[in-house]
Amino acid sequence: MVIVFDKSFYKGYEKLSKKKQEQFWERVELFKEDQNNPQLNNHTLHGKYDGFYSINISGDIRVIYEQIAKNKVLFNQQPRCRAYEV
């Protein structure tokens, strides 16, 4: 699995605490190994985010991403994908 980070993604990432940033990278590694790991709660989104997916980073942090190729995803900040706190 290849994960591409749009440079605008880091705007949201840099606002996270160091602990949350560490959790983020742990979940990214888990995501690379198994996208369907139950800890990630990977699921499709609907409405204005139709065609996108969300994974859990922690209880209050999610990442929205777009599948751009068979083994490639895009984590992006604007307009549709971002790391965000619930």
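The notes below deal with the structure included here.

Attention now goes to the side chain of Gln21. Inspection of the secondary structure puts Gln21 in helix α2 (residues 18-33). Filtering out sequence-adjacent residues up to four positions away, Gln21 remains in contact with Tyr13, Glu14 and Leu16.

Moving on to the side chain of Asn37. Relative to the helices and strands, Asn37 is located in the loop between α2 and β2 (43-44). Look at Asn37 and you get buried, because its relative accessible area is 16%. Within the structure, the side chain of Asn37 is placed 2.8 Å from the backbone nitrogen of Gln39, a separation counted as a polar contact.

For Ile57, the position within the fold is in strand β3 (residues 53-58). Linking Ile57 and Trp25, residues 32 residues apart in sequence, is a C-alpha distance of 8.8 Å. In contact with Ile57, not counting residues within four places along its chain, are Lys20, Gln23, Phe24, Arg27, Arg62 and Val63.

So, on to the nonpolar core. Within the largest apolar cluster, 16 residues are counted, with the highest numbers of intra-cluster contacts made by Phe24, Phe31, Ile55, Val63 and Phe75. At the level of elements, α1 (9-14), α2, β3, β4 (61-69) and β5 (72-75) are the ones that each hand at least two residues to this core. Counting residues per element, this core draws most heavily on α2, which supplies four residues. Sequence-distant contacts of Phe31, that is, excluding residues within four places in its chain, are made with Met1, Ile3, Leu40, Asn42, Ile55, Tyr65 and Val73.

Let us look at the packing of aromatic side chains. In this structure the tally under the stated criterion is 18 aromatic pairs. Ring geometry for Phe5 versus Phe24: centroids 6.2 Å apart, planes at 65 degrees, classification edge-to-face. With Phe5 in strand β1 (residues 2-5) and Phe24 in helix α2, this pair connects stretches of sequence that are 19 residues apart. Assessed through its relative accessible area of 21%, Phe5 is described here as partly exposed.

With that out of the way, let us pick up unusual backbone geometry. If you check the backbone angles, Asn41 has positive phi at about 50 degrees while not being a glycine. With respect to the helices and strands, Asn41 occurs in the loop between α2 and β2.

Conventions we followed
- Position labels on residues start from 1 in each chain and follow its written sequence.
- With the structure being a predicted model, the display of local features is reserved for residues of pLDDT at least 70 and the display and counting of side-chain atom pairs for 80 or more, all residues being used for whole-chain, interface and lining totals.
- Computation of side-chain values covers all heavy atoms of the structure but excludes hydrogens and water.
- Helix and strand assignments come from DSSP, with helices taken as H or I runs of at least 4 residues and strands as E runs of at least 2, each series counted from the N terminus.
- Here, two residues are considered to be in contact whenever any of their heavy atoms come within 4.5 Å of each other.
- Burial classes follow relative accessibility: with a 1.4 Å probe on protein chains only, a residue under 20% of its type's maximum area counts as buried, one over 50% as exposed, and anything between as partly exposed.
- By the criterion applied in these results, polar contacts are pairs of N or O atoms within 3.5 Å in which, for protein atoms, one can donate a hydrogen and the other can accept it, and in which residues neighboring in sequence qualify only through two side-chain atoms.
- Buried Ala, Val, Leu, Ile, Met, Phe, Trp, Tyr and Cys residues form a nonpolar core when they are joined through side-chain atoms within 4.5 Å.
- Each Phe, Tyr or Trp ring (for Trp, its six-membered ring) is paired with any other whose centre lies within 6.5 Å, and the angle between the two planes then decides the class: stacked below 30 degrees, edge-to-face above 60, tilted in between.

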